[in-house]
Amino acid sequence: MIQSDVHEFRRDLAAWLDEHDAELRLPIEQHPTLDDELAQFRHVKRALFDAGWGRYGWSSAVGGLAGSSMLRAIVGEEIATRDLAEPGLWSMIEVLAPTVIAVGSPELVAAMVPPFLRGDEMWCQGFSEPDSGSDLASLSCRATAVDGGWSVNGQKVWTSFAQLATRCILLTRTGEPGSAHRGITAFFVDMDSPGITYRPIEIQNGRLEFCEVFYDDVFVPADRVLGGVGQGWQVAMNILPYERSTAFWHRGAFLHHRFDALVANVAAAGRRDTGDAHLLGEAFQTLMAFRFRSRETQHRLAGGESLGAETSIDKILIAAADQTLYNAARDLLPGVIEFDTDTAAGHWRWDYLYSKAATIYGGTAEIQRNIVARRLLDLGAEP
Ligand SMILES: Cc1cc2nc3c(=O)[nH]c(=O)nc-3n(C[C@H](O)[C@H](O)[C@H](O)COP(=O)(O)OP(=O)(O)OC[C@H]3O[C@@H](n4cnc5c(N)ncnc54)[C@H](O)[C@@H]3O)c2cc1C
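Reading the values: the criteria
Residues numbered from 1 in each chain as written. Predicted model: local features only at pLDDT ≥ 70, side-chain atom pairs only at ≥ 80, totals over all residues. Heavy atoms only, no water. Helix = DSSP H or I, 4+ residues; strand = E, 2+ residues; numbered from the N terminus. Buried < 20%, exposed > 50% of the residue type's maximum accessible area, 1.4 Å probe, protein only. Contact = heavy atoms within 4.5 Å. Expected span 1.5 Å × (residues − 1). Near = heavy atom within 4 Å. Polar contact = N/O pair within 3.5 Å; in protein donor to acceptor, adjacent residues only side chain to side chain. Areas by Shrake-Rupley, 256 points an atom, 1.4 Å probe, with all protein chains shown as cover. Nonpolar A, V, L, I, M, F, W, Y, C, P; charged D, E, K, R; others polar. Domains from an automatic or database assignment. Buried area = accessible area lost by both parts, 1.4 Å probe. Salt bridge = Lys/Arg side-chain N within 4 Å of Asp/Glu carboxyl O. Phe/Tyr/Trp six-rings, centres within 6.5 Å; stacked < 30°, edge-to-face > 60°. Lys NZ or Arg CZ within 6 Å of the ring centre and 35° of its normal. Axes fitted to C-alpha atoms, helices over the stretch in contact; angles between N-to-C directions. Parallel < 35°, antiparallel > 145°, perpendicular 65-115°, else oblique. Left-handed = near helix turned anticlockwise from the far one by under 90°. Core = buried A, V, L, I, M, F, W, Y, C linked by side-chain atoms within 4.5 Å.

Peer 1: Tell me what's going on with the side chain of Asp351, and back it up with residues and numbers.
Peer 2: On the secondary structure map, Asp351 appears in helix α10 (residues 343-355). We classify Asp351 as buried; its relative accessible area is 5%. Apart from residues lying up to four places away in sequence, Asp351 is in contact with Phe254, Arg258 and Tyr326.

Peer 1: Tell me about helix α3 (residues 70-81), residues and numbers included.
Peer 2: Taking 1.5 Å as the rise per residue, α3 with twelve residues should run 16 Å; its terminal C-alpha atoms sit 17 Å apart, in good agreement. The element α3 is largely enclosed, with a buried count of eleven among its twelve residues. Downstream of α3 by one or two residues, Asp83 has phi in the positive range, about 55°.

Peer 1: So what about the site of the ligand? Which residues, and what values?
Peer 2: Near the ligand you find 17 residues, and of these Ser128, Ser134, Trp158, Thr364 and Glu366 are the closest. Between the ligand and Gln125 there is a distance of 2.7 Å, counted from a nitrogen atom to a backbone nitrogen or oxygen. A distance of 3.1 Å separates a nitrogen atom of the ligand from a polar backbone atom of Trp158. Calculation on the ligand without its partners gives an accessible area of 960 Å², and the protein chains cover 66% of this total. Only β3 (149-160) and α11 (365-376) provide two or more residues apiece to the shell around the ligand. Along the lines of polarity and charge, the residues of the shell around the ligand split into eight nonpolar, eight polar and one charged. Each of domain 2 (124-232) and domain 3 (234-376) gives at least three residues to the shell around the ligand.

Peer 1: Let's hear about the domain arrangement of the chain: which residues, and what values?
Peer 2: Looking at the chain, the domain boundaries give domain 1 (3-122), domain 2 (124-232) and domain 3 (234-376). Computed over C-alpha atoms only, the centres of domain 2 and domain 3 are separated by 29 Å. With 16 residues of domain 2 at the interface, the matching set in domain 3 holds ten residues. It is Ser134, Gln204 and Asn205 in domain 2 that bury the most area against domain 3; as a group they hold 38% of the surface buried on that side. Where domain 2 packs against domain 3, one counts zero salt bridges. In terms of residue class, the side of domain 2 that touches domain 3 is made up of six nonpolar, eight polar and two charged.

Peer 1: Lay out the packing of aromatic side chains with the relevant residues and their values.
Peer 2: Summed over the entire model, instances satisfying the criterion amount to twelve aromatic pairs. Their ring planes at 35° and their centres at 5.6 Å tell us that Phe259 and Phe284 sit as a pair that is tilted. Placement of the pair is Phe259 in helix α6 (residues 232-268) and Phe284 in helix α7 (residues 274-302), with a sequence separation of 25 residues. Residue Phe259 is classed as buried on the basis of its relative accessible area of 9%. Ring pairing ties together the aromatic residues Phe9, Trp53 and Tyr56, which thus form one cluster. Sitting over the face of the ring of Trp58, Arg72 holds its NZ or CZ atom 3.8 Å from the ring centroid. Over the ring of Trp348 we find Arg258; its NZ or CZ atom is 3.9 Å from the centre of that ring.

Peer 1: Can you lay out α7 for me, pointing to particular residues and giving the numbers?
Peer 2: With 29 residues, α7 ought to run about 42 Å at 1.5 Å a step, and its terminal C-alpha atoms sit 41 Å apart, in line with that. Within the sequence span of α7, burial applies to Asp276, Leu280, Ala283, Thr286, Leu287, Phe290, Arg293, Ser294, Thr297, Gln298, Arg300 and Leu301. Looking at the packing, one finds that the buried side of α7 touches α3, α6 and α8 (311-332). A positive phi of about 85° marks Gly304, the residue just after α7.

Peer 1: Any details on the packing of α7 against α8? Residues and values, ideally.
Peer 2: Two elements in contact, α7 and α8, have axes whose closest approach is 9 Å; the angle formed by their N-to-C orientations is 160°. With respect to their mutual orientation, α7 and α8 come out roughly antiparallel. Considering the relative orientation of α7 and α8, their crossing is left-handed. Contact residues: α7 offers Asp276, Leu279, Leu280, Glu282, Ala283, Thr286, Leu287, Ala289, Phe290, Arg293, Ser294 and Thr297, while α8 offers Ile313, Asp314, Leu317, Ile318, Ala320, Ala321, Thr324, Leu325, Ala328, Asp331 and Leu332.

Peer 1: Report on the nonpolar core, specifying residues and quantitative values.
Peer 2: Within the largest apolar cluster, 55 residues are counted, with the highest numbers of intra-cluster contacts made by Leu48, Ile79 and Trp123. Where this core is concerned, the elements lending two or more residues are α1 (3-24), α2 (34-51), α3, α4 (87-103), α5 (106-117), β4 (167-173), β5 (184-190) and α6. Per-element tally for this core: the top contributor is α4, with eight residues. Those residues within four positions of Leu48 in sequence are excluded, and the remaining contacts are Trp16, Leu17, Trp53, Gly54, Val75, Ile79 and Trp90. Residues Ala80, Leu255, Ala329 and Trp348 belong to the second largest nonpolar core, which totals 25 residues.

This is the structure in C-alpha cells:
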C-alpha cells in the first residue's frame, strides 16, 4: 500500500469515528470494571466489523477485506487514542490470531478467526507455568495421545483474560520430560472443555487480570494441534514477534495519548519548573524512541518480512516508555496516584501500577537484553 492510501484510510476512519462517537460508547459512570471493558470492547469491535473498518488488513479467508497489516495498526491506534476500548483487550487478536492463521488448517482458521474479529470471542495464551516463565522450554503441562486426540494434564498461571476466553493457545509437553523446546506441542483448546477450571488472580490495581488454569484429563481433538506435534516451540516463537509489532504499536499510541493528558494536567496545575520540563521531555523522548522503532517494524511486517529476535528491541523500548511516562506522572501529579479518589486519579493509579508489569509480560527486560546481547550482538552463548 502506498503512503497516501494509509493517510486516506486514517482520515476516513477518523471521520467515521467522529460521526459515530456517541453510539460507540456504552454508558459507564465510574472507573470501568473488567466486565464493563469487555462489554465496551465487544460493542466497538462489532460496530467496526459491521462498518468494514475492523476487517481491513485481514484476509478474506478469515472474513477480512484484505489490505496491508498497517491498516490494523491505524485502526488500533485510533481506538486507543479515543479511549474507545481497553488496549490490552483490543490488541489480543494481534497477538494470537496471526499465528493461528499461519499454522492452523484452513478449516480451523475459517471457523475460528471470524468470531474473534467480530468481537464475539476472546482468546488467551496458556504458556507460563508456576515453574516455567522465562525458562519456558522447561514447561511440564503434559499432553498424552489418546483415541482421537490428546489428554492434557497440568497447570498454567498468569493466563491473561482466561476467565473471559472461549479459546486458548496452549503449550504442552508431548516429548520426554527433559526434551526442552524439542518436545513441546501447541494446541488450540476450547475453554469450555470438561476438566478445565480456573482461579482468577487479582493484581495490585485490583483488577482480575489473569488466572491460574488447571487442566485435568482435558480431551483435545487431534485436529486442534497447531503447527504439528513437537513443533510448539516454533509456534510460540511465531507469536512473540506479532505481539511486539501491531499490538505494541497500539500500546505506544495509547501511551502518547496518556502523555498528552499528563501535559494538560501539568499545564492546568500551573507548573512551569525546569525539573518538570525535564521529566516530560524524558517521557516524550522514550515514547518517540519506541515509536520510530515500531514504525519500522510495522513497515517490515506489512512488507511481508518475518520478524524475529530483533523485536526484543521493540519490547525493551516500549517497557521503558511505559515506566518513564508513569513515573513522571507520579512525580508531576504529587499525591494524586497515592491519595486522590476521583475517576481521573483512579485512572492514573491504575496505569502507574500496571506499568510495573511492562518489564515482565511478553518476556522480561533481562531476558530481552540477553537476547539482544547473544543473538543480535553475538556477545557469547548462554552459559
Ligand atoms: C500482566 C501480565 C500478563 C501476562 N500474561 C500472560 C499470558 O497471557 N500468558 C502467559 O502464558 N503468561 C503471561 N504472563 C506471564 C509472563 O510471561 C511471565 O511472568 C514472564 O515470562 C516471566 O516469567 P516468571 O514470572 O516465571 O519470572 P521468572 O522467569 O522466574 O523470572 C524472575 C526474574 O528473574 C529474571 N531472570 C530469569 N531468568 C533469567 C536469565 N536467564 N537471565 C537474567 N535474568 C533472568 C527475570 O528477568 C525476572 O526478573 C503475564 C505476566 C504479566 C505480568
